[in-house]
Amino acid sequence: MKRPPVFLIVTVFFLGLMFLPGRSLVYAGTQVDPLTSEERQWLTEHDGKIRLAPSPNWEPLEFFDKNGVYNGMVADYMHLLEERLGFQFDVIKINTWENVLTLARRREVDLISVAHQTRERGKYLDWTPPLFTLSNTIIVKKSVSGVLSLGRMRHMSIGVPAGYAVYQYLKGTYPDLNLVPVSSGREGMRMVSFGELDAMIMEVPNALFVIENQQITNLRLAGTIDFKVELGIATRNDWPLLGTIMAKGVALITPEERAAIYEKWVRLEQTPFYRNPTFWTVVASMLLMVVVVMAAVIAINRTLKMQVAQRTEELRFNEKRLEALLQLNQMTDASLDEIMAFAVQEAVKLTRSRFGYLAFADSTGWLFTLNSLSSSSSRDWTSRRTPEGFPHAYKGLWGNALTTQAPVITNDYLTSNPKMAGIPDGMGSVVRYMNIPVVRQGEVVVVAGVGNKHVPYDTADQRQVTLLMAGMWRMVQRRRSEEALKQSEKRFRDLVESALTGITIVQAGQVVYSNPEQKRIMGLLMPFSTENYESIHPDDVEAVKAFYGAIYAATPGLHELEFRFTAEGDGGPLTWVNCRANPIEHQGEAAMLINSMDITRAKELERLLVTQEKMAALGHVAAGIAHEIRNPLSGINIYMSTLEKRMTAGRAISEIEPVFRQIRSASGKIESVIRRVMNFSKPCEPKIVLTQINKPVREALALSMMILTKSNIHVEQQMDEALPLCQAEAQLIEEVALNLITNAATALKAWPWEKRIRVSTFQRDSTIVLQVEDTGPGVPREERDRIFEPFFTTKNNSTGIGLSLCHRIVTDHGGSIRVEDSESGGACFVVTLPMDSVSVGQPG
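Everything quoted here is computed from the prediction, not taken from an experiment.

**Quick word on the nonpolar core**
Stage number 1. Counting residues in each nonpolar core, the largest one holds 73 residues, and the members touching the most others are M78, I112, F132 and M246.
Stage number 2. With eight residues, helix α3 (residues 73-85) is the single largest residue contributor to this core.
Stage number 3. I112 has contacts with L52, A53, W97, V100, L101, A104, L125, I233 and A234, leaving out every residue within four places of it along the chain.
Stage number 4. L723, A737, L740 and F829 belong to the second largest nonpolar core, which has 41 residues in total.

Here it is, written out as structure tokens:
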């Protein structure tokens with residue numbers, strides 16, 4: 001290893017003494033918080049979140065250096081504010097000053113480091129008191145003589161930084177000047193230097209800095225203008241607390257600190273180095289150093305050979321340490337015990353110790369000892385297992401590290417533990433000991449120790465054992481994670497293999513996995529991997545093809561299908577399967593996961609349930625018909641008995657004729673019931689045409705008006721005359737309306753209070769609505785689900801077919817009918833019919 005020259009070290013030391021500053025620019029903050037509790041809470045909540053936007057390329061006021069670090073005079077002010085107020089800005093680098101203002105206007109920037117206050121900027125910004133005031137100077141080539149003023153520059157091209165306040169001032173105050181906006185002061189001065197501009201107007205510090213740092217020798221300062229820039233911190237005006245906090249922070253900066261910052265960055269003139277007394281002091285000091293160094297070199301060279309030999313040995317030993325770390329990282333196939341044993345043995349070898357100890361908080365550990373006659377490179381070890389965790393019998397080996405949670409070096413162990421407490425039997429005495437804890441999330445998970453090195457342990461030993469144990473712990477954690485992952489994968493695979501649902505994964509058009517249940521369900525068919533559709537039920541082939549296509553193409557979304565097939569050819573039983581497929585990622589590539597369920601039994605139960613429901617409905621209908629026929633049939637039997645008695649008694653024909661009329665009436669009632677049942681069971685197909693439904697509704701009202709008038713029922717009509725046409729058969733719609741009006745009239749017949757029926761038609765979305773409501777007792781909620789069933793009735797002398805017939809007619813028209821409560825508390829029947837597709841969205 002090459003050592004630095006001694007004379008250079010001494011020179012730097014003396015130079016540091018000579019150039020130590022007289023006082024610091026940063027003063028300690030006061031003990032009293034300058035902010036109110038509300039301001040402090042707000043600032044704490046926004047710590048690191050206040051977006052600060054400096055002006056780019058504005059040297060020496062503020063700029064970003066080549067490493068992207070925010071620097072400059074203003075940056076020193078911002079750093080002082082952070083120190084005084086105890087927070088940090090989020091500094092944002094923006095390419096141009098115009099973009100800084102634009103982002104501030106959009107509230108994407110919270111604070112501009114310094115800016116001049118203008119009327120336009122005041123719409124979205126507030127200002128602190130000025131940090132400093134700057135004059136603007138006129139810069140020209142040295143070939144331009146004399147002092148210039150704005151009045152003498154009317155025929156000159158003058159560069160001004162775009163977006164700066166001075167540009168707006170000159171543009172409004174001196175409209176006859178030929179102003180050329182430039183991106184930055186540096187760019188403008190370059191253009192003046194090369195003759196592209198006649199002059200440049202910019203702040204004095206910026207001008208001096210650019211001239212000095214860019215070594216532009218053909219420019220000079222030719223005068224100043226009457227506009228001074230008062231630069232204060234600009235804050236967004238919708239955050240008034242931020243403005244107040246910044247103003248208090250500015251007030252904490254002392255005049256001395258302001259002057260020191262200004263002198264640091266702005267130098268108004270340069271003194272030739274040979275006229276500087278400091279230069280000659282340095283020269284004299286360096287000459288003195290040379291004499292001192294020459295004397296020191298003689299003494300140092302005497303020790304170099306010894307140091308070189310020592311460092312060479314250290315380098316050789318460091319190589320061994322690196323090899324141990326590399327070998328540890330390569331033990332990918334080793335067991336946990338092998339990894340632990342290797343780490344302990346290598347720690348002993350690397351530190352030239354005689355024994356090593358390793359304890360885990362959650363598992364057993366190791367204690368390795370080199371035989372007394374063995375060298376540290378030998379593999380003759382004595383090893384023993386230690387109990388899980390940190391047992392009291394071994395406290396002498398782990399106690400300090402567990403307590404401090406930091407490495408502990410004890411080069412005089414006998415003094416610190418003269419009774420060898422906590423040292424296991426058979427170890428002998430411990431002379432020196434170093435233990436290293438591995439801490440994770442505030443808890444000690446591992447303690448490693450090495451002992452009895454023949455020389456004292458040092459920080460190099462500590463660093464190497466720490467690195468080795470950290471690497472060992474990573475390997476142990478990774479191996480434990482791998483084992484846990486294997487166990488998790490096994491549990492998941494067992495779960496999938498034992499699932500009662502068939503599971504298949506299709507990837508790139510091939511089945512890559514099927515669980516046993518999938519194979520049991522599908523048998524020899526093996527769908528998702530074949531295009532043999534012979535076993536698929538003919539009615540399901542097209543749907544199965546579409547489903548397969550979605551699977552093979554890995555189409556996004558959920559795909560579901562129920563289909564039938566015979567697993568054993570044409571003679572086998574029919575199997576129903578429900579399949580659901582959705583895209584997944586399998587082993588890093590797109591795939592489809594298909595869940596299959598045998599629903600054959602469910603389909604059989606569904607078919608049985610439908611059959612039972614049909615039989616129940618048939619029984620209900622039969623019971624209704626029997627009820628309707630029983631009464632007139634009983635009457636016929638009674639009349640026939642009466643007729644028989646009168647004929648036997650030889651009564652006159654005039655006494656027999658009334659009996660015949662009663663028989664004929666009862667027979668007519670039976671015929672009427674049978675006719676209504678036939679009409680309901682075999683309804684004719686409605687003759688649907690474009691219809692204006694107001695007409696059949698009014699005809700139904702006209703037919704029922706006499707009954708309504710006799711029953712003292714008031715009728716309200718609210719029919720939309722602008723209704724569009726709808727697809728319907730007028731006669732059937734009239735029958736529906738008449739049924740609903742008659743039912744409402746019947747409900748109001750014995751009603752003791754107000755009797756009113758309202759019939760309305762109107763358009764709702766893409767449907768025509770017919771609404772019949774009354775003020776009667778209404779329909780109980782427990783009966784609303786049954787009132788449309790055939791033969792269901794709660795009225796005397798009613799067949800219970802009317803509403804079920806209405807339901808059939810409306811359903812045949814593609815509409816719906818329901819009952820709900822009316823506004824007055826009675827019943828409200830609502831019929832919706834689809835509009836003509838041409839009329840949708842158009843007035844009638």
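**Some remarks on the confidence of the model for the chain**
When pLDDT is low, close inspection of the predicted coordinates is not appropriate.
Stage number 1. Of the residues in the chain, 85% reach a pLDDT of 70 or more, and the chain-wide mean stands at 81.
Stage number 2. For residues 373-378, every residue scores under 50 in pLDDT, and the model assigns this stretch nine contacts once sequence neighbours within four places are set aside.
Stage number 3. Residue range residues 838-844 is modelled with pLDDT below 50. Its contacts to residues more than four positions away, or to other chains, number 10 contacts.

**Regarding the pattern of salt bridges**
Once their charged atoms are close, side chains differing in charge can pair, the charge on each being opposite to the other.
Stage number 1. Going through the model one piece at a time under the given rule, you end up with 34 salt bridges.
Stage number 2. Where R781 meets D821, a salt bridge forms, and the shortest distance between an N and an O atom there is 3.1 Å. Of this pair, R781 sits in the loop between β27 (767-774) and α21 (802-812) while D821 sits in strand β28 (residues 816-821); the two residues are 40 residues apart in sequence, bridging distant segments of the chain.
Stage number 3. In this structure D821 comes out as partly exposed when scored by relative accessible area, which is 39%.
Stage number 4. One network of salt bridges, with partners in common, ties together R51, R107, D110, R236 and D238.

**Some remarks on the environment of Q88**
Stage number 1. You can see Q88 is positioned in the loop between α3 and β4 (90-91).
Stage number 2. With relative accessibility at 53%, the residue Q88 sits in the exposed group.
Stage number 3. Sequence separation between Q88 and L52 is 36 residues; the distance between their C-alpha atoms is 9.9 Å.
Stage number 4. Ignoring any residue separated from it by four or fewer positions in sequence, one finds Q88 in contact with D47, G48, K49 and E82.

Rules of the game
- Residues numbered from 1 in each chain as written.
- Predicted model: local features only at pLDDT ≥ 70, side-chain atom pairs only at ≥ 80, totals over all residues.
- Heavy atoms only, no water.
- Core = buried A, V, L, I, M, F, W, Y, C linked by side-chain atoms within 4.5 Å.
- Buried < 20%, exposed > 50% of the residue type's maximum accessible area, 1.4 Å probe, protein only.
- Helix = DSSP H or I, 4+ residues; strand = E, 2+ residues; numbered from the N terminus.
- Contact = heavy atoms within 4.5 Å.
- pLDDT = per-residue confidence, 0-100.
- Salt bridge = Lys/Arg side-chain N within 4 Å of Asp/Glu carboxyl O.

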